[in-house]
Each structure stands twice: as C-alpha cells, then as structure tokens.
Amino acid sequence: MVSVPANDVGLPSEGLVERAARGDEAAFSRIVRLHHADMTRVAFVVCGDPGLAEEAVAAAWPIAWRRLSSLREPDRLRPWLCSVAANEARQIIRSRRRRAVMEIPVPDMGGGVMVDHGGRAMDPALRAADLDLANALARLAPDDRALLALRYVAGLNSTELGRALGMSASGTRARLARLLERLRQELDDG
Amino acid sequence: MAEMDMDAFEARFAERLATYAAIPVAPIDADSIAHEVVGVRPGPRGSLRLVGLRVPAVAWVLLALATAVAAGLIAGALLHRLAPTPRPSLVLATETGLYLGEPGEGTQSGLTLLRDDGSFIGPRWSPNGTLIAVIHGPPIPPQPGTEGALPLTPALYRLVATDLLVLRPDGTTAFAFPGAVAGFAWAPIGADGASLLAVQTASGEIAVLDAGGRRVGGSGARGLEIDRSLEATLLPPRLVWASPTVLLFADARGVSAMDVASPDKLTTVVGMGSDAGPDDRVTALAVTPDGSALALLVAPCDTGCDGEVRFARLPREFDGSAEPGPDGRSLAAIVGAATSLSWQDDGEHVLAWPLLASSGDRATRLAASDGAVDTRDVVAAWTRRVADGSSRTLVVTRFSAFNDRHFDAWLMAADGSATRIGERSLGADLRPTSRAGSAP
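Residues numbered from 1 in each chain as written. Chains lettered and ligands numbered in written order. Predicted model: local features only at pLDDT ≥ 70, side-chain atom pairs only at ≥ 80, totals over all residues. Heavy atoms only, no water.

We now examine the overall build of chain B. Scanning chain B for helices and strands turns up four helices and 30 strands. Buried residues in chain B amount to 49% of all 440 residues. Accessible surface, chain B: about 19,800 Å² in total, of which carbon and sulfur atoms supply 57%. (Helix = DSSP H or I, 4+ residues; strand = E, 2+ residues; numbered from the N terminus. Buried < 20%, exposed > 50% of the residue type's maximum accessible area, 1.4 Å probe, protein only. Areas by Shrake-Rupley, 256 points an atom, 1.4 Å probe, with all protein chains shown as cover.)

Shown next as structure tokens:
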C-alpha cells in the first residue's frame, strides 16, 4: 500500500468553497494561499519546468474560480484544484510541442552553482538520481505524467483520477500499472 | 513475488516523485491573484459587503465615479504644475503607419497617426527625446480577412527597408539615410547636447551620423552576415554605444569598438572564444547604464537558436592599443526565444527574455503575470524608465498561423501585467526620461 498525500490542509476547506462560490474574494484568496504550492508542484511534474508550471497554475486559477460552484464535494477541493492545474500544464506542454520551441531550464546552464530543477543548491550524487527520474518522466506523454502527478503528488484515488482524466477507475488503474512497470525498467530501481 | 516487487517499487517511486516535485515555490500574493481572478467574473450578487453592511452596486458605482472625478481633478492640477505642456511618450510603428501618443488600454488606442506613407519598423527616440529614428519601407499590402475584422498580413511577405527616417515629433523629416538599413543605435547625449546615430546597412557597413544627418565616421563590413528577414530587422541591432563617441559592434571576431575620433583604430573588446562553434556569433549587445560593462548574446543563429548570455568588463581606452579582450564570462544559457538584451537601471541585471540574468551568476525566469503575453511568442523585449521613475518593458510578440503572420507590441509593467498597445505592430518605444543612451 502506497502512502500518498492526504487531503488535509489543516483548515475547513468546506466553508471556504461555499463562500468562494458565492463570490467571496477573501475566501478565494485563502484557497489560493492554501493550494497554490501544491498545484505548482503537480504542474511541475507534468511540465518538467518551474516556469511553465507557474504559467499553468496562473492559467488554472481563473478556471477554478469560474467552475468552483460545480464542485459538489468541497472536501475534495485540493485534488480538484490539482487536476485543474495538471490539465492546464498538459495544455501548455502540448502547445509548446506544437510550436517546436525547446526551452532549456535555467539551472542546466554551464558553469555557476550546481542547482536542481527548482533552483536549489544540490548534492551532485542526488542530482544524478534526480536527472534519471526527470529523463524518465520526459520520455512519457504529458497525459501519463499528469496521471503520475495526480496520483503520487496530489494523492488522487483511482476514481478521482478517472474523473480528472476522463477514464474509468479500472482503466486508470491498468494504465497506472503499465506506467509503473515501464518506469521500473527504465529507472532500474532495485 | 513480482507483485510484491511492484508494490515496493511503487512505494519507492511515490517517495522519489514527491521529492522531485517538492520544488521551492516562490511566495505569492494570494490576495492579488484572487482579486485579479475575481475581477474577471464578479460575484453572483449585485452588491458587496462593507464592514458588514450590504451596499447596493449602484452606490459603489456612484462612489467610484465621485472618487475618480476627484482624483482626476487633483491629478490634473498636479500634472499641469509639473508639466504644463505634456509631450507624447509612445511611438508605435505598424505595417501601414507611425503613431504617437500615450499608451492606452487598447491597440492604437488614443494615438495620433503621424505618418501613413509606408511601413515603419523599430522606432527609437533619441536620448534627448527630440527625434525619432525609424526604419521605413513601402506599405505592406493587406490581404482580405474575415469580413469586418482586421485584414490579415500575408504569411510570406517580405519587408523591404528602403531608408532610415529621422523624424521630428510632428512627423516632419529631419533627415533620411537612404538604403537597405538593417539596424541603428542612438549614442548617449554628447557634450553638445545631441547624440550621434550609428546606422548599419544590410551589407554590414556602418555609418555614423551627427544630429544633422551628416556622416562623421564609419566602418566597412567586418565579416558579419546580416540577416535580412523581417524578424531580424525587428530585433535590436548589433550596435551599441559605450559612450557618446565610442561605438561597439558585433563582427566575425566578436565585439569591436570604434572611437569616432579615430575610426581606423578598432579594438576587439570581446573575443568569440576558442570553444565557439563554427556558426556562433554575437546576436545582441547591451552596455550597462554606467558604460563599464557589456552583456552579449552568443548563438549560432539570429533567431530561434539556443544561446548564451555573456558578461565582460569594458576597457577604459578604445584606441586600438589594447590586446583582444576576454571571451566574456558566461552568465546564463538561454532558450531560442531570447533575441534581445537590455540592462536594467541597477546595472546588475540584464533582461534576455525570458530570463533576467545578473552579473552575480543568477538567472530568473520571467513571465507575464496575467498570461496575456506568451513567453514563447516574444521576439524582443527591452526596458525603459518612464516619467514617474518606474520602468516599463516593451515587448514584441510574433503571431504565426498558416495564412497569417504578424507582430504585436505590448507594454509590460514591473508586476508583469501587460497591455497590448499595438496590433500588427512592428515595434514601439517610449520617450526616454532621466537616463539617456540605454536604448538597445
């Protein structure tokens, strides 16, 4: 059994959702404050680029605001927001592919301080493992990266994954299993 | 057994992915985000609460109107005292004309048509704000688009530069430099209160003109291949002034300096480096506001290639006696989108869209905060100080579709919010204020 992040932000999100859905800007501001970082991290796994992840989340907030009243289970706010962010990240990465413009993450520059993809100074030994994972993710389709991000970073269950990605819960489980098998071989994880 | 292995792998993978995803997320202003987002679609009710009291929407409107009128009266009085005869600050070039005015909330909004006798590219105010230099060519014939909509720009049109015009703010021509001009650069204000103007032709030759349009110096082509494409013409030229009389320009060796007083003595201030690729070239230049250092963009092609921002100190003398300079210290690897360089007022940070690189080895990725400008569409971006002391970034974006290709001009505030100031625009500029000569 895999432990995944719980849907617990330590605050009663139920009331926030209802108030925000009624047009309460302060409540929406609190939602932004609570969930922006999680959404950015999910988007980062899909995009592989912190800047694009920020773009995705910036694009996700207006969508979340417009559709907030459609959220029937306010306690599932976090996974719902993460799925909106993941979807925007998928759109951005697809658009980026169409334009055929390649971006090099800033930390990959030659020389200077060695930092990771998020700009943190980094142990070189850790960097190799990190790059392996980044490369393995880069070889996956954006939809697959979204699936992994929503499952293991946002903590969606298979039913929620299915809703977020337009698949059945069983189909989601099967796809996840295939993905994990592929990653196990690529990462040579012992 | 295999299933157990898989479960174990899944657990390790979940942990590893969570670690990978745990990037530091910069602190955000949640209130601003919420305010901006909520402003797009106001709440469902026609009233808001003020200290627990429900105030009708119409009362808010009346209050806002009254406040706006009062603020306008006060601001107007103050502005009149500070600047009795305000001068327009924005010059905007389009496919069919040149406009002057103040940036508004819409394309070409509130601007006055200054010239309509052709296409205009990349206008730049002189540092003292009295002249506008702009590349000029024949009008671009529009092709029919959707009825009632703006005409499309032919996807494969070629822009022809027939001359460089130097105009007064009333649209009259101060002087013209005939020929296929690839770029130009104003010098900082000299001792006589005027600026020299360096012009580079499509063949790579450089002419230096005084404020009256008379040639006072120049240099022959120095092995630099000039890209004649429209996009390249929109980019800042590979010319920049280090002082009122010393011109730096890119050539096959790297970056050379020429003192107008002794144009035959050239100094190579930055070399290309021993590890330079066969196609590597200097594609953009920018000198710090104090003239002490140089940023250069090195890439194997003019647009769309990955490249590198380098930084180099400039020598004190440009008399040709100095040894070839260093190759420049690498500041940041950049993406194909970056095509222009612009130092910020602090002299520490240089804008190489979408990066803000610093001479301290750091680079920050920039993005328009409201999503209006797509980072990947940016062709060029440069910063200008405006009258209130703050800075604005002028941005040119490219739109390309199967039957349409055009450029738009945007004005971006320090917070990243962007306003499109010109549609089908071929560049814009703001009148300089206190600091002269920092034009890209």
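Quick look at the overall build of chain A now. A count of helical and extended segments in chain A gives eight helices and zero strands. Reading chain A from its N terminus to its C terminus gives the helix and strand order α-α-α-α-α-α-α-α. Expressed as a percentage of its 190 residues, the buried residues of chain A come to 49%. Counting every atom, chain A has about 8,600 Å² of accessible surface; 49% of that belongs to carbon and sulfur.

Residues and elements named next belong to chain B. Note that Gly-97 resides in the loop between strand 3 (90–94) and strand 4 (98–101). Judged by relative accessible area, which is 0%, Gly-97 ranks as buried. Among all residues touching Gly-97, those that are not within four sequence positions of it are Leu-92, Leu-113, Arg-115, Asp-116, Gly-118 and Phe-120. (Contact = heavy atoms within 4.5 Å.)

Taken over all residues, the pLDDT of chain A has a mean of 74, while the share at 70 or more is 71%. Note that pLDDT drops below 50 for residues 97–125 of chain A; the model gives that stretch 62 contacts with residues more than four away or on any other chain. (pLDDT = per-residue confidence, 0-100.)

Residues and elements named next belong to chain B. The sheet built from four strands is open, its strands ordered 10-11-12-13 with antiparallel pairing. Strand pairing shows two members of the sheet lacking a second neighbour, strand 10 (181–186) and strand 13 (215–219), which therefore form its edges. Across the sheet, the mean angle from the axis of one strand to that of its neighbour is 20 degrees, orientation sign disregarded. In this structure, strand 10 lies alongside strand 11 (residues 197–201), joined through five bridges in antiparallel fashion. Note on strand 11: the bridge partner recorded for Phe-184 is Val-199. (Pairing = 2+ DSSP bridges. Axes fitted to C-alpha atoms, helices over the stretch in contact; angles between N-to-C directions.)

What follows concerns the packing of aromatic side chains. Counting across every chain of the model gives six aromatic pairs over all chains. Members of the aromatic cluster, each reached through a chain of ring pairs, are Phe-28, Trp-61 and Trp-65 of chain A. Against the face of Trp-382 of chain B rests Arg-124 of chain B, its NZ or CZ located 4.1 Å from the ring centre. (Phe/Tyr/Trp six-rings, centres within 6.5 Å; stacked < 30°, edge-to-face > 60°. Lys NZ or Arg CZ within 6 Å of the ring centre and 35° of its normal.)

Another aspect to go through is the pairing of strand 7 (residues 132–137) of chain B. Residue and element names in this part refer to chain B. Most of strand 7 sits out of view: six of its six residues are buried. Of the two faces of strand 7, both are covered, the one formed by Ile-132, Val-134 and His-136 as well as the one formed by Ala-133, Ile-135 and Gly-137. As paired elements, strand 6 (residues 119–125) and strand 7 share five bridges and run antiparallel to each other. Its bridge partner being in strand 7, Phe-120 is matched across the sheet by His-136.

With that settled, consider a nonpolar patch on the surface. There is a patch of nonpolar side chains on the surface, built from Val-61, Leu-62 and Leu-65 of chain B and spanning about 290 Å² of accessible area. By secondary structure assignment, the location of Leu-62 of chain B is in helix 3 (residues 57–82). (Patch = residues over 30% accessible without salt bridge, like charges linked within 9 Å, V, L, I, M, F, W, Y side chains within 5 Å. Salt bridge = Lys/Arg side-chain N within 4 Å of Asp/Glu carboxyl O.)

Once that is clear, we can look at the nonpolar core. In terms of nonpolar packing, the biggest core is built from 66 residues, with Phe-28, Trp-61, Leu-148 and Leu-150 of chain A together with Phe-13 and Leu-17 of chain B touching the most fellow members. The element contributing the most residues to this core is helix 2 (residues 25–47) of chain A, with 11 residues. Leaving out residues up to four positions away in the same chain, Trp-61 of chain A has contacts with Phe-28, Ile-31, Val-32, His-35, His-36, Met-39 and Leu-81 of chain A together with Ile-33 and Val-37 of chain B. In terms of nonpolar packing, the next biggest core, distinct from the first, is built from 36 residues, Ile-140, Leu-197, Trp-382 and Leu-411 of chain B among them. (Core = buried A, V, L, I, M, F, W, Y, C linked by side-chain atoms within 4.5 Å.)

The subject of this paragraph is the pairing of strand 17 (residues 262–271) of chain B. On a regular strand, each side chain points to the face opposite its neighbour's, so the side chains alternate between the two faces of the sheet. Residue and element names in this part refer to chain B. Pairing of strand 16 (residues 254–259) with strand 17, which is carried by six bridges, proceeds in the antiparallel orientation. The residue of strand 17 that forms the bridge with Ser-256 is Thr-268. Counted between consecutive antiparallel strands, the loop separating strand 16 from strand 17 contains two residues.

Residues and elements named next belong to chain A. For helix 6 (residues 142–153), which comprises 12 residues, the first-to-last C-alpha distance of 15 Å matches the rise-based estimate of 16 Å (1.5 Å per residue) to within 8%. Among the 12 residues in helix 6, 11 count as buried, and that is most of the element. Of the residues making up helix 6, those classed as buried are Pro-142, Asp-144, Arg-145, Ala-146, Leu-147, Leu-148, Ala-149, Leu-150, Arg-151, Tyr-152 and Val-153. Downstream of helix 6 by a residue or two, Gly-155 has a phi angle that is positive, lying close to 80 degrees. (Expected span 1.5 Å × (residues − 1).)

The subject of this paragraph is the pattern of salt bridges. Counted according to the given criterion, the structure contains 14 salt bridges over all chains. The salt bridge involving Asp-117 of chain B is made with Arg-115 of chain B; its shortest N-O contact spans 2.9 Å. A relative accessible area of 37% means that Asp-117 of chain B is categorised as partly exposed. Classification of Arg-115 of chain B by relative accessible area gives buried; the value is 15%. Look at the salt bridges and you will find they share partners, linking Arg-139, Arg-182 and Glu-186 of chain A into a network.

Quick look at the packing of helix 2 of chain A against helix 3 (residues 50–67) of chain A now. All names here are of chain A. The interhelical angle for the contact between helix 2 and helix 3, taken along N-to-C directions, is 135 degrees, at an axis separation of 8 Å. When the axes of helix 2 and helix 3 are compared, the pair comes out oblique. Note that helix 2 runs across helix 3; the crossing there is right-handed. Of the residues in helix 3, those touching helix 2 at Phe-28, Ile-31, Val-32, His-35, His-36, Met-39, Thr-40, Ala-43, Phe-44 and Cys-47 are Pro-50, Leu-52, Ala-53, Glu-54, Ala-56, Val-57, Ala-60, Trp-61 and Trp-65. Of the residues belonging to the contact of helix 2 with helix 3, the class tally is 15 nonpolar, three polar and one charged. (Parallel < 35°, antiparallel > 145°, perpendicular 65-115°, else oblique. Left-handed = near helix turned anticlockwise from the far one by under 90°. Nonpolar A, V, L, I, M, F, W, Y, C, P; charged D, E, K, R; others polar.)

Residue and element names in this part refer to chain A. Axis separation between helix 6 and helix 7 (residues 158–165) bottoms out at 10 Å; the angle between their running directions is 145 degrees. For the pair helix 6 and helix 7, the crossing hand works out as right-handed. Counted together, Leu-147, Leu-150 and Arg-151 of helix 6 and Leu-161, Ala-164 and Leu-165 of helix 7 form the full contact between these two elements. Considered class by class, the residues forming the contact of helix 6 with helix 7 number five nonpolar, no polar and one charged.

All names here are of chain B. Tracing the backbone shows Ala-133 in strand 7. Taking the relative accessible area as the measure of exposure, Ala-133 reaches 0% and is therefore buried. Sequence separation between Ala-133 and Trp-186 is 53 residues; the distance between their C-alpha atoms is 8.6 Å. Each residue touching Ala-133, except ones within four places of it in the same chain, is listed here: Gly-122, Pro-123, Arg-124, Leu-165, Val-166, Phe-184, Trp-186 and Leu-197.

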